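An overview of the molecular structure
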Amino acid sequence: MNTKKRFLAALILPGVSLGLLNACSPQSQTEPVQEASSPTTTISLEALSNRAHLLSGGDVLLGVNSNAEGEAISLQLPAGARHSELVAVDHEAGSVSYQTLVTGLPVGESTISATAGPTQTSLQLSNYPISGPIISGQQQEPYFCADQLAPNRDGSERQFAIGNGEYLSAEDIADDCSVNTRIDYVYMSTDSDIGFRKLEELDSRPQDLAFTEISAGNQQPYIVRLETGTINRAIYQIAMLHDPASSAPSATTPSSAWNGRLIYTYGGGCEAGYFQGTSTGGVLRDHMLSSGYAVTSSTLNVNAQGGCNDVISAETTMMVKEHFIEQYGLPEYTIGRGGSGGAMQQLLIGGAYPGLLDGLLISNTFADAVTYFTDSQECASLLRDYVHNPENGMSEEVGNTIGGWSMWSLCESSLGDRPKRIGPDDCPAAVPPAAGYDPETNPQGARCSIYDGMRNIFGEKLYADISTEREFARAPHDNIGVQYGLAALNAGMISTEQFLDLNEEIGGWDIDVNSRPQRTEADEDALRIAYQTGRVTNGAAGLAQVPIIDDRSYLDDIGNFHASVYSFVTRARLERDNGHAGNYILRRHNRELSLEEDNLALMDQWLANIKAGGRDGQMLDRIVAAKPADLQDDCFAANGERIVEQPTFNMQALYDNTAGACNALYPPHAGMRLIAGGPLTNDILKCQLKAITPDDYTVEFSGEEMARLQAIFPQGVCDWSKPGVGQQINETWLSFGPSPVNRYGSN
């Protein structure tokens with residue numbers, strides 16, 4: 001974008017280009033453009049930096065398109081608003097596209113009008129405070145600013161590191177958690193052991209200043225402009241190459257060192273939030289910045305800090321990206337990058353808020369948080385406790401057979417020792433302990449389950465067995481009818497007695513995730529909400545509109561909870577809903593190999609191909625057709641040999657999934673729900689039930705055993721051939737308030 005020839009138009013007032021919106025962005029396809037025409041002139045207005053009804057901070061990058069060459073175009077702005085000089089960015093088919101930055105918009109609704117000769121048009125805008133919220137609902141309380149956090153385990157203060165050797169101090173952070181926007185510069189040293197250093201004097205050039213080639217023959221001093229501020233109560237950062245000796249970049253005159261692409265990074269984990277955080281997904285990334293990419297992120301885009309709430313993460317992404325566009329220019333496309341909880345966020349945002357991210361670079365993948373925590377909690381709260389009880393006489397080896405994992409330690413240590421993320425007492429370590437919920441000592445404290453963190457989405461209700469005075473967030477977990485160990489029984493790996501006793505005794509948990517003898521039954525509204533709002537991903541909706549590269553470092557061999565099966569789960573959802581997974585590439589390798597730079601280059605080429613291919617046809621078909629020839633599903637042997645092979649997961653070989661060269665190197669394993677007969681999509685929260693049928697078993701139950709089985713499952717057992725209760729394709733771009741547009745539950 002920044003290489004396009006630009007010129008100033010000798011017109012009265014400013015405007016923006018419609019042609020700069022990238023062809024692969026769903027936002028550019030769905031954002032309404034208000035247009036009017038006359039026999040001689042046409043003119044249209046468009047909000048380019050965000051959807052017109054979701055603006056924040058009082059600014060908008062405005063696009064104006066008109067065929068009124070030689071005629072004056074005038075804008076009528078709300079009182080107090082101003083605009084930058086009109087810049088023409090494109091000529092096409094007798095019309096000209098312009099851009100202008102409008103600032104000083106009032107909070108609330110307003111109108112911008114434009115006139116070209118006898119023709120008039122207008123654009124309705126809604127502007128929200130830069131502190132939010134816009135679509136995520138009432139902001140979480142209590143909320144601890146970065147200077148109010150509990151100390152680290154070693155007693156040291158938690159601080160936000162700028163990246164230049166300095167930290168935000170308590171004096172920098174206001175009572176509302178905001179900080180004054182600051183611009184710092186760092187540079188890359190020629191000493192590789194040093195990396196980035198603070199640029200002390202903006203008009204000087206250190207002797208160890210490195211240079212970087214962002215394109216053939218285009219050498220730039222490796223100096224990075226680093227912006228830090230607060231948006232939506234999050235601390236954000238933006239990093240990009242820029243020489244401070246040149247003019248400051250702007251929306252209509254971007255930095256000449258920028259390659260026109262934006263990378264948005266996401267951090268891992270999954271905790272309930274209640275605090276601002278002290279780290280982002282990382283912006284000072286050498287391989288990105290040295291190639292000319294701009295990189296941005298915020299503290300609420302780290303899943304362990306943002307409440308494991310992808311709606312807040314999406315809202316923050318939207319607001320930070322809008323700010324980036326209004327300060328630095330419109331990107332050709334935006335690429336997401338992050339692993340584990342960072343992959344969760346990208347897939348959930350891509351599925352529910354399409355257009356914010358044009359391509360997803362995911363790693364250590366989980367399809368979403370809700371279904372992952374079904375697996376996690378059934379290990380930690382149910383099977384692990386059962387195996388630990390000596391009265392049950394079950395060995396760890398048999399327990400692992402029921403779980404289908406690579407080794408028992410995955411449940412025992414990697415999952416079992418982790419906090420109960422769906423439990424109300426799982427408050428992040430950064431939250432002052434006195435603030436947390438305790439049913440006896442602090443019943444009004446902050447409940448730190450991820451569902452209480454998302455109570456704006458799931459809603460609340462009374463759970464009288466815990467409290468008759470305070471409502472808690474609904475939860476969608478359920479294990480009614482689940483036959484744990486079914487595949488192990490049918491494979492002859494456990495006895496009928498072990499199978500029956502396990503399912504008789506395994507029990508469930510209550511809303512506070514206390515173990516109980518009866519099974520867990522989901523709230524029906526929570527089930528519908530989880531699917532309808534996109535808290536459980538599917539292959540349709542937004543994920544059918546975005547290319548995805550999954551970088552799977554194999555950790556099954558060390559019993560890590562980032563099990564490789566979750567890549568196959570994600571892929572299976574795409575295959576089920578679209579008939580194929582052509583927009584999803586899976587690359588497998590050992591943990592010593594890094595494909596990060598290669599994946600970024602391939603995603604960049606993929607997006608460039610999509611944009612060059614035009615807008616004809618369905619988006620999914622265009623994505624598949626645009627895939628670079630050398631980007632294919634593959635795996636890498638320890639010696640570096642590349643094996644191109646379509647990934648397969650054999651549901652009939654859950655204990656020996658080694659067919660094919662890649663599976664022989666990196667065999668995927670199962671999990672409790674798959675061993676219980678569930679589908680590879682692993683997205684049935686509550687199953688539909690059917691009567692017990694002897695044909696479902698390879699063993700023959702005695703009359704007494706069958707009676708016992710009927711008593712364990714009086715309502716019937718899971719019919720995994722049917723969709724889950726309430727399962728459906730999600731709606732997109734839902735608001736949970738205050739924006740009234742597409743407000744969930746309003747109809």
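Overview of the structure. (Residues numbered from 1 in each chain as written. Predicted model: local features only at pLDDT ≥ 70, side-chain atom pairs only at ≥ 80, totals over all residues. Heavy atoms only, no water.)

The helix and strand inventory of the protein stands at 18 helices and 31 strands. Taking 747 residues into account, the globule formula puts the C-alpha radius of gyration at 27 Å, and the protein, at 27 Å, falls close to it. Overall size of the protein, expressed as C-alpha extent along the three principal axes, is 90 × 60 × 60 Å. At a minimum sequence separation of 6, the contacts of the protein that also span at least 24 residues come to 72%. Looking at the protein as shown, the accessible area adds up to about 27700 Å², and 46% of this sits on carbon and sulfur atoms. (Helix = DSSP H or I, 4+ residues; strand = E, 2+ residues; numbered from the N terminus. Rg over C-alpha atoms; globule rule 2.2 N^0.38 Å. Contact = heavy atoms within 4.5 Å. Areas by Shrake-Rupley, 256 points an atom, 1.4 Å probe, with all protein chains shown as cover.)

This brings us to the side chain of Arg158. Note on placement: Arg158 falls in the loop between strand S11 (119-128) and strand S12 (182-188). We note that Arg158 is buried and unpaired, the nearest opposite charge coming from Asp154 at a distance of 8.2 Å. From its side chain, Arg158 meets the backbone oxygen of Ala150 in a polar contact 2.6 Å long. Polar side-chain contacts of Arg158 include one of 3.5 Å to the backbone oxygen of Pro151. Not counting residues within four places of it along the chain, the set of residues in contact with Arg158 comprises Ala146, Leu149, Ala150, Pro151, Asn152, Thr278, Ala429 and Ala430. (Buried < 20%, exposed > 50% of the residue type's maximum accessible area, 1.4 Å probe, protein only. Lys, Arg positive; Asp, Glu negative; His and termini not counted. Salt bridge = Lys/Arg side-chain N within 4 Å of Asp/Glu carboxyl O. Polar contact = N/O pair within 3.5 Å; in protein donor to acceptor, adjacent residues only side chain to side chain.)

What follows covers unusual backbone geometry. When glycine is set aside, most residues are seen to have a negative phi, and most peptide bonds are trans. With omega at -5°, the peptide bond leading from Gly132 into Pro133 counts as cis. Topologically, Pro133 is positioned in the loop between S11 and S12. The amide bond that connects Glu141 to the next residue, Pro142, takes the cis arrangement and shows omega of -5°. Considering the arrangement of structural elements, one finds Pro142 in the loop between S11 and S12. Of note in the backbone geometry, Arg233 takes a positive phi value of approximately 70° without being a glycine.

Taking strand neighbours across the sheet as the criterion, the four strands line up as S4-S11-S10-S6 in an open arrangement whose pairing is mixed. Edge strands, defined here as strands with exactly one partner in the open sheet, are strand S4 (55-56) and strand S6 (73-76). In the sheet, strand S10 (residues 108-116) pairs with S11 via nine bridges, with the strands oriented antiparallel. Considered in S11, the bridge of Thr111 is made with Gln124. (Pairing = 2+ DSSP bridges.)

The next subject is the environment of Asn657. Mapped onto the fold, Asn657 is located in the loop between strand S29 (642-644) and helix H16 (661-665). Residues Asn657 and Glu592 lie 65 residues apart in sequence; the distance between their C-alpha atoms is 23 Å. Beyond its immediate sequence surroundings of up to four residues, Asn657 is in contact with Phe649, Asn650, Asn663, Pro667 and Pro668.

All right, on to the pattern of salt bridges then. Taken as a whole, this structure holds 34 salt bridges when the rule is applied. For the salt bridge of Lys461 with Asp523, the shortest nitrogen-to-oxygen distance reads 3.0 Å. Placement of the pair is Lys461 in strand S22 (residues 460-462) and Asp523 in the loop between strand S25 (515-516) and helix H12 (524-532), with a sequence separation of 62 residues. You can call Lys461 partly exposed: its relative accessible area is 27%. Asp523 sits in the buried class, given a relative accessible area of 11%. Note that Asp719 and Lys722 form a salt bridge whose closest N and O atoms lie 3.8 Å from each other. Since its relative accessible area comes to 38%, Lys722 is described here as partly exposed.

A word on the environment of Ala272. Here Ala272 is to be found in the loop between strand S18 (261-265) and helix H2 (286-289). With relative accessibility at 0%, the residue Ala272 sits in the buried group. Taking the C-alpha atoms as reference, Ala272 lies 41 Å from Gln99; in sequence the two are 173 residues apart. Not counting residues up to four positions away in its chain, the partners in contact with Ala272 are Gln140, Gly307, Pro428, Cys448, Ser449 and Gly453.

Taken together, Asp147, Glu157, Glu171, Asp172, Asp175 and Asp176 make up a surface patch of like negative charges. Counting through the fold element by element, Asp172 comes out in the loop between S11 and S12. (Patch = residues over 30% accessible without salt bridge, like charges linked within 9 Å, V, L, I, M, F, W, Y side chains within 5 Å. Charge placed at Lys NZ, Arg CZ, Asp CG, Glu CD.)

With that settled, consider the state of the cysteines. The final tally for this structure, using the stated rule, is six disulfides. Disulfide partner of Cys145: Cys177, at an S-S distance of 1.9 Å. Sign of the S-S torsion, about -85° for the bond between Cys145 and Cys177, identifies this disulfide as left-handed. One end of the pair, Cys145, is in the loop between S11 and S12; the other, Cys177, is in the loop between S11 and S12, with 32 residues separating them in the sequence. Of the two residues examined, Cys145 and Cys177, each falls in the buried class. Across a sulfur-sulfur distance of 2.0 Å, Cys687 and Cys718 are joined as a disulfide pair. Judged by the sign of its S-S torsion, about -70°, the cystine formed by Cys687 and Cys718 is left-handed. You can see Cys687 sitting in the loop between helix H17 (672-675) and strand S30 (689-690) and its partner Cys718 sitting in strand S31 (residues 717-718), a full 31 residues away along the chain. As far as burial versus exposure is concerned, Cys687 and Cys718 are alike and both buried. (Disulfide = S-S within 2.5 Å.)

Turning our eyes to something else, we now look at the packing of aromatic side chains. Overall, the coordinates contain 20 aromatic pairs when judged by the stated rule. Pairing Phe366 with Tyr566 gives two aromatic rings, centres 5.0 Å apart and planes at 65°, and the pair type is edge-to-face. In this pair, Phe366 is assigned in the loop between strand S21 (359-363) and helix H5 (369-388) and Tyr566 in helix H13 (residues 565-578), connecting sequence segments 200 residues apart. For the pair Phe366 and Tyr566, a shared accessibility class is recorded, and that class is buried. (Phe/Tyr/Trp six-rings, centres within 6.5 Å; stacked < 30°, edge-to-face > 60°.)

For the rest of this paragraph, the subject is the sheet that holds strand S26 (residues 548-553). Spatially, S13-S12-S16-S17-S19-S18-S20-S21-S26-S27-S28-S29 is the arrangement adopted by the twelve strands of the open sheet, whose pairing is mixed. Since the sheet does not close on itself, it has two edges, and those belong to strand S13 (196-198) and S29, each with one partner. For this sheet, the mean inter-axis angle between neighbouring strands, taken without regard to orientation, is 20°. As judged from the six bridges shared by S12 and strand S16 (residues 223-231), these two strands associate in the antiparallel manner. Opposite Ile183, over in S16, you have Glu227 as the bridge partner. In this fold helix H4 (residues 341-352) packs onto strand S20 (333-339), S21 and S26, with an angle of close to 145° to the strand it touches most, S20. Packing against the sheet, H13 makes contact with S26 and strand S27 (584-589), and its axis sits at approximately 165° to S27. (Axes fitted to C-alpha atoms, helices over the stretch in contact; angles between N-to-C directions.)

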